[in-house]
Amino acid sequence: MGVFAISSQITITAVSAKNLVAADMNGYSDPYCTINRGSVYNANSQDKSQIIKKNLNPVWNYKSRQWTFDSTDEFLVTVWDHDKIGSDDYLGETIIKITQDQAKHNNTFEITQDLVAGSTHKKSKVTGSVTFQIAVSMPSSVLNGATFTFIGNHPVDAFGLINNQNPATGWEGTGVINVKGEVMEFEFANIKRECFQESGKPWIYNGPISFASNDTMKMKESKGWPAKIEYTANRIRFVDNNLTKMEMDITDSEKYYGGTRTTSGKWNFTITLKQ
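Calculation rules
Residues numbered from 1 in each chain as written. Predicted model: local features only at pLDDT ≥ 70, side-chain atom pairs only at ≥ 80, totals over all residues. Heavy atoms only, no water. Helix = DSSP H or I, 4+ residues; strand = E, 2+ residues; numbered from the N terminus. Buried < 20%, exposed > 50% of the residue type's maximum accessible area, 1.4 Å probe, protein only. Contact = heavy atoms within 4.5 Å. 1 Å grid on protein atoms, 1.4 Å probe; cavity = no way out; pocket = protein on both sides within 12 Å on 5 of 7 lines; lining within 4 Å. Points joined across faces, edges and corners; volume = space filled by probe spheres on them. Nonpolar A, V, L, I, M, F, W, Y, C, P; charged D, E, K, R; others polar. Pairing = 2+ DSSP bridges. Phe/Tyr/Trp six-rings, centres within 6.5 Å; stacked < 30°, edge-to-face > 60°. Axes fitted to C-alpha atoms, helices over the stretch in contact; angles between N-to-C directions.

## Things to note about the overall build of the chain
Of regular secondary structure, the chain possesses one helix and 18 strands. The burial tally for the chain puts 44% of its 275 residues in the buried class. For the chain, the share of sequence-separated contacts (at least 6 apart) that also reach a separation of at least 24 residues comes to 59%.

Okay, structure coming up:
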């Protein structure tokens, strides 16, 4: 069984802005804001607020989609002036960074950040600030009892030979997720490990595996193989906002015949949520 901290779900509400630049000849702007996951603006992948006409202190109360938290995440918020003719005018941007401590528990907090001129708009006049409300929720009820299947990609087998015959398969299996408070447990079952020996014949391992109960998963093969093998999960994250896809980076340390070999791979999980 592997035990890991649950990934939080993040929702960003763009509450309001103050003291924006007047981009129109009437002394006002028609401001709206966009929210992108990442630090680079992408017009095709964004959340967009409503337009507030003739206002330098707009109140949007715009709520974004829900994102699965990752400690490397940044969210780019850009403010624009809507124009009926021609391209919209740039009014400034800010980057939101959410810390692991902030995303650890069910939590709602407010932040206000100044707008700045980004690297592609350095000559633009920018003033004002934007206030955000950040909501953090733990998906305990959704994940508890969910089942999963996984495939582990180990392109190098236990002998250090390239697995050319089936490079996508190293591990496969099924299991269930149990949630206890803010911790989720992965209980694995029907695990198979496949590698190709020097003869090229497939060898299937179905032996027991044990896990340490902490955020770094360690597992050891206890029988059926002449090597002492330990696997460590280095990074675990959901890769979609629906909590149905997850990936895990694995390091494989093998000691056999007086030698040691370390390889790495990735396990990809497909999760079926409990209805």
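## Description of the layout of surface pockets
Taken as a whole, the second largest pocket encloses approximately 180 Å³ of empty space. Top contributing element to the lining of the second largest pocket by residue count: strand β6 (residues 75–81), with three residues. Counted by class, the lining of the second largest pocket contains five nonpolar, six polar and one charged residues.

## Here's the deal with the sheet that holds strand β3 (residues 31–37)
With respect to topology, four strands assemble into an open sheet ordered β4-β3-β6-β7, the strand pairing being antiparallel. Two strands close off the open sheet at either side, each with one partner strand: β4 (47–48) and β7 (89–96). Strand direction decides the pairing type here: β6 and β7, joined by seven bridges, are antiparallel. From the neighbouring strand, Leu76 faces β7, where its bridge partner is Ile95.

## Description of the packing of aromatic side chains
For the structure on display, the rule yields four aromatic pairs. Considering the side-chain rings of Tyr41 and Trp80, the 5.4 Å spacing of their centres and the 55 degrees angle between planes classify their relative orientation as tilted. Remark: Trp80 occurs in strand β6 and Tyr41 occurs in the loop between β3 and β4; sequence separation between them is 39 residues. The exposure class of Trp80 is buried, given its relative accessible area of 12%. When the ring of Trp67 is compared with that of Phe75, the centres are 4.9 Å apart and the planes differ by 50 degrees; the resulting orientation is tilted. Taken individually, Trp67 and Phe75 each receive the classification buried, so the pair is uniform in this respect.

## Focus: the sheet that holds strand β8 (residues 107–114)
Ordered by their spatial adjacency, four strands build an open sheet running β5-β2-β9-β8, and the pairing between neighbours is antiparallel. Of all strands in the sheet, those bounded by a partner on one side alone are β5 (59–68) and β8. Here the average twist between neighbouring strands, direction ignored, is 20 degrees. In the sheet, strand β2 (residues 9–18) pairs with β5 via six bridges, with the strands oriented antiparallel.

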